Amino acid sequence: MGLLDILLGRTKPAPPDLDQLFGLPSAAVTLEAAAGLRPTGQGAVCFATVEGAAFEQTHREVQALLDADTDRTGPPVELSKDAYGYSWLVSHRSPDQLPELVNDLHAVNSAMEVNGFGPQLLCSLVGFADGEAAGGTGRRLALVYLYKRGTFYPFAPLPDRPHQRDNALELQLKATLANDLRVEQDLSRWFPVWGAPGL
């Protein structure tokens, strides 16, 4: 960033920092203590689909790498598309394997980046819930990592209310998670991820 950028008030966007994902296990402890939300064991990476053999080869390599993990107890990694045409690579782990889930998400993002598909990466998310079977309210939450911003935000769809968010919970968690994660300060970038796999 040059002197002219400083004088004109332009800022350089933060480069992607995939190591920020490793803050999620610490954030999970905070979420459980503050809001009773625990990891579901599901996470996903969202990317814009690209046609072509190179992209297809990268996708197959990433899926094979994650499926080869002998410690995986859940179903294999799966690819799905949402109603908007975006692709999601979904990883399933047991709820107590959050560090392994984070490693899966990091591996997917890194492989896409290394193979030149970083611009197609949109976000990654990890699902949390308050354990309805154990007397909870059925609340769900995703901690969403914005690849191009290097920041996180909470997304909390309201149970039994399609396309409505629990804004109060999201704002509460913005403050609660500030010591664990780099939280996105621009609320206009807290995009809804309705129907996202892994949530």
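Residues numbered from 1 in each chain as written. Predicted model: local features only at pLDDT ≥ 70, side-chain atom pairs only at ≥ 80, totals over all residues. Heavy atoms only, no water.

As a further point, take the sheet that holds strand β3 (residues 87–92). With respect to topology, six strands assemble into an open sheet ordered β2-β3-β1-β4-β5-β6, the strand pairing being antiparallel. Of all the strands in the sheet, the pair left with one neighbour each is β2 (78–81) and β6 (151–155). Sheet twist, expressed as the average angle between the axes of neighbouring strands with direction ignored, equals 25°. In the sheet, strand β1 (residues 38–47) pairs with strand β4 (residues 121–129) via seven bridges, with the strands oriented antiparallel. When the bridges of β4 are listed, V45 appears paired with S124. Helix α3 (residues 53–67) rests against β1, β2 and β3 of the sheet, and its axis sits at about 135° to β2. (Pairing = 2+ DSSP bridges. Helix = DSSP H or I, 4+ residues; strand = E, 2+ residues; numbered from the N terminus. Axes fitted to C-alpha atoms, helices over the stretch in contact; angles between N-to-C directions. Contact = heavy atoms within 4.5 Å.)

Okay, the layout of surface pockets next. Taken as a whole, the largest pocket encloses approximately 380 Å³ of empty space. Contributing to the lining of the largest pocket are 19 residues, with C46, L122, C123, F191 and V193 lying nearest its centre. Put simply, the parts of the chain that give the lining of the largest pocket at least two residues each are β4 and β5 (140–146). Partitioning the lining of the largest pocket into residue classes produces 14 nonpolar, one polar and four charged. (1 Å grid on protein atoms, 1.4 Å probe; cavity = no way out; pocket = protein on both sides within 12 Å on 5 of 7 lines; lining within 4 Å. Points joined across faces, edges and corners; volume = space filled by probe spheres on them. Nonpolar A, V, L, I, M, F, W, Y, C, P; charged D, E, K, R; others polar.)

Before going further, it helps to spend a moment on the confidence of the model for the protein chain. For the protein chain, per-residue confidence averages 85 on the pLDDT scale, and residues scoring 70 or more make up 86% of the total. Taken element by element, the protein chain is modelled with least confidence in helix α1 (residues 3–7), mean pLDDT 54, and with most confidence in β6, mean pLDDT 97. (pLDDT = per-residue confidence, 0-100.)

Below, the discussion takes up the state of the cysteines. Tallied over the full model, the rule gives zero disulfides. This cysteine, C46, is not joined by any disulfide, and C123 carries the nearest cysteine sulfur, 4.7 Å off. Under the relative-accessibility criterion, C46 is labelled buried at 4%. Residue C123 is classed as buried on the basis of its relative accessible area of 8%. (Disulfide = S-S within 2.5 Å. Buried < 20%, exposed > 50% of the residue type's maximum accessible area, 1.4 Å probe, protein only.)

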